[in-house]
Amino acid sequence: MSAKQTMYYVGFCRVCKTGPLGLRRCGQCENVVLLCDECDATWSNADLAAPPQYAKDGELPCPKCKASLVESPSHWATAEQLQEIDWLQEAINGGLLELKQGIAFTPDAADESSPP
Amino acid sequence: MRRSNQQTIRLIQGLVRLVRSGRLPVRWLVGLVVLAAAYLLMQPLLVRSLGIDLPGLGDLTGIVSETPATEQQPTEQPKQKKSPAADEINQILRDGSQQTYESPAGLLYRRGSQHGHRLKHLMAHAKDQPDRPGQHGVFDSEQPEEIVAVVDEAYRQAQTGKKVQVEREGERTVYTVDLNRRVGFIGGESGNRRNRPAARHIRLVVEDRNFITAFPYRP
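Keep in mind the model is a prediction, meaning the values are calculated, not measured. (Residues numbered from 1 in each chain as written. Chains lettered and ligands numbered in written order. Predicted model: local features only at pLDDT ≥ 70, side-chain atom pairs only at ≥ 80, totals over all residues. Heavy atoms only, no water.)

J.: Before we go on, may I ask you to explain the sheet that holds strand β6 (residues 184-187) of chain B in this structure?
T.: Sheets are built from strands paired through backbone hydrogen bonds, the pairs being either parallel or antiparallel. Residue and element names in this part refer to chain B. Taken together, the three strands give an open sheet; going across it, the order is β3-β6-β7, and neighbouring strands pair in antiparallel fashion. Strand pairing shows two members of the sheet lacking a second neighbour, β3 (136-139) and β7 (198-199), which therefore form its edges. Summarising the sheet, β6 and β7 pair through two bridges and their orientation is antiparallel. Within the sheet, the bridge partner assigned to Phe 185 lies in β7 and is Ala 198. (Pairing = 2+ DSSP bridges. Helix = DSSP H or I, 4+ residues; strand = E, 2+ residues; numbered from the N terminus.)

J.: How should I be thinking about the packing of helix α4 (residues 84-93) of chain B against helix α6 (residues 144-160) of chain B in this particular structure?
T.: Working note: a packed helix pair is described by the angle between its axes plus the distance between those axes. Residues and elements named next belong to chain B. α6 packs onto α4 with a crossing angle of 105 degrees between their chain directions and a minimal axis gap of 10 Å. For the element pair α4 / α6, the angle class is roughly perpendicular. Here Ala 86, Ile 89 and Leu 93 of α4 come into contact with α6, specifically with Pro 144, Glu 145 and Val 148. Each residue belonging to the contact of α4 with α6 can be placed in one class, and the counts come to five nonpolar, no polar and one charged. (Axes fitted to C-alpha atoms, helices over the stretch in contact; angles between N-to-C directions. Parallel < 35°, antiparallel > 145°, perpendicular 65-115°, else oblique. Contact = heavy atoms within 4.5 Å. Nonpolar A, V, L, I, M, F, W, Y, C, P; charged D, E, K, R; others polar.)

J.: I'm lost on the packing of aromatic side chains in this one. Help?
T.: To describe a pair of aromatic rings, one takes the distance between the centres and the angle between the planes. Tallying each qualifying case throughout the model produces four aromatic pairs over all chains. Each ring, one from Phe215(B) and one from Tyr217(B), has its centre 6.2 Å from the other, and the planes form 70 degrees; the classification is edge-to-face. Residue classification places Phe215(B) among the buried positions, given a relative accessible area of 0%. Members of the aromatic cluster, connected to one another through ring pairs, are Tyr101(B), Tyr109(B) and Phe211(B). We note Arg24(A) situated over the ring of Trp76(A); from NZ or CZ to the ring centre the distance is 4.8 Å. (Phe/Tyr/Trp six-rings, centres within 6.5 Å; stacked < 30°, edge-to-face > 60°. Buried < 20%, exposed > 50% of the residue type's maximum accessible area, 1.4 Å probe, protein only. Lys NZ or Arg CZ within 6 Å of the ring centre and 35° of its normal.)

J.: I'm lost on the interface of chain A and chain B in this one. Help?
T.: One frequently used descriptor of interface size is the decrease in accessible area upon assembly of the parts. Opposite the 41 residues of chain A that make contact, chain B presents 37 residues. Contact between chain A and chain B buries roughly 3200 Å² in total, counting both sides, with carbon and sulfur atoms accounting for 48%. Residue Glu59(A) pairs with Arg111(B) through a salt bridge whose shortest N-O separation is 3.2 Å. Here chain A is connected to chain B by 15 residue pairs in polar contact (both at pLDDT 80 or more). Mapped onto the side of chain A that touches chain B, the elements with two or more residues apiece are β1 (6-12), β2 (20-25), β6 (100-103) and α3 (109-113) of chain A. Grouping the constituent residues of the side of chain A that touches chain B by class yields 22 nonpolar, seven polar and 12 charged. (Buried area = accessible area lost by both parts, 1.4 Å probe. Salt bridge = Lys/Arg side-chain N within 4 Å of Asp/Glu carboxyl O. Polar contact = N/O pair within 3.5 Å; in protein donor to acceptor, adjacent residues only side chain to side chain.)

J.: Any chance you could explain the pattern of salt bridges here in plain terms?
T.: A side chain with one charge may pair with a side chain of the opposite charge, provided their charged atoms come close. The tally for this structure, following the rule as stated, stands at 16 salt bridges over all chains. Between Lys56(A) and Glu171(B) there is a salt bridge, and its shortest N-O distance comes to 2.4 Å. In this pair, Lys56(A) is assigned in the loop between β4 (42-43) and β5 (75-76) and Glu171(B) in the loop between β4 (164-169) and β5 (172-178), connecting two distinct chains. The partly exposed category is assigned to Glu171(B), whose relative accessible area is 45%. Close ionic contact of Glu102(B) with Arg209(B) constitutes a salt bridge, the shortest N to O distance being 3.0 Å. One end of the pair, Glu102(B), is in strand β1 (residues 101-102); the other, Arg209(B), is in the loop between β8 (201-207) and β9 (210-217), with 107 residues separating them in the sequence. Three or more residues joined by partner-sharing salt bridges are found here, namely Lys17(A), Glu167(B) and Arg203(B).

J.: It is not clear to me how unusual backbone geometry should be interpreted in this structure. Could you clarify?
T.: For residues other than glycine, phi is negative in most cases, and the peptide bonds are mostly trans. Between Ser72(A) and Pro73(A) the backbone carries a cis peptide bond, its omega angle lying at 10 degrees. When you line up the elements, Pro73(A) lands in the loop between β4 and β5. We note that Lys163(B) has phi near 50 degrees; this positive angle belongs to a residue other than glycine. As for its position among the elements, Lys163(B) is in the loop between α6 and β4. Even without being glycine, Asn195(B) reaches a positive phi, approximately 65 degrees. On the secondary structure map, Asn195(B) appears in the loop between α7 (188-193) and β7. According to the relative accessible area criterion, Asn195(B) is exposed, its value standing at 60%.

Spelled out as structure tokens, the structure:
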């Protein structure tokens, strides 16, 4: 089992009503998006009323450079990396979003629960 | 006669004997009957509102099994041959196959999600993740085939339009299906704070026939 990953999130997904909206950083272009930890719906900025983007053919591409947001080196953004995101800081300062810290959905949970 | 009925009759006969012998006043018997009736009426309501499991009257009188003794399973069962579906599921879950799995109800589980395959993602709801923010719906079963079967049941019921709430968000359709029985519980940080309430709904997210996610849910 891999170590639990810390994730910063700003609320919960309105599509699946359960997944935390984590801040995911593209490993290639360093763009940060809001990614639902449960259903993979993605928003490019704080406008959560806008229609989300969804994974296509199993791929979850960065809206900016199309690199995979799932595969390494993409990762959950750190606190320092989030300081550089203007739209996020504006939304937090404006009271639109609230930043929280939590544990990401563990990808290895499936392996733990599958029969021997 | 069903074993539960026999047990109930034996219980009533015992109470009548106690009343006749004078060891149990009639008003106590009436009180017991009233309490039992009130419990019968309130039990489903309490289970639903508090999200806790309460025993039925059958459980309280020690009636556990509905299976007659003559129908009990032999201790040594013949080895069941695994179905082709089980093999396919195992190939994906254990061997990391990226093939698409089509469930008996026609849901397509493809590669995708942070778990690498939607079937793996579904199985992440077979266990609680107590430190996951918010709710984490957990199925009562940990067996992949059983979980796929419950999701299929929800999908089929959603197609009939019976006890289902439908939401559309772009290409996605989200069904909240009331299966009218406990299918799991709510875990995660929020669920554990509330003592893991029972869930009888399934929230199922699909794109056409493509499975995205499903989990036990409390609307």
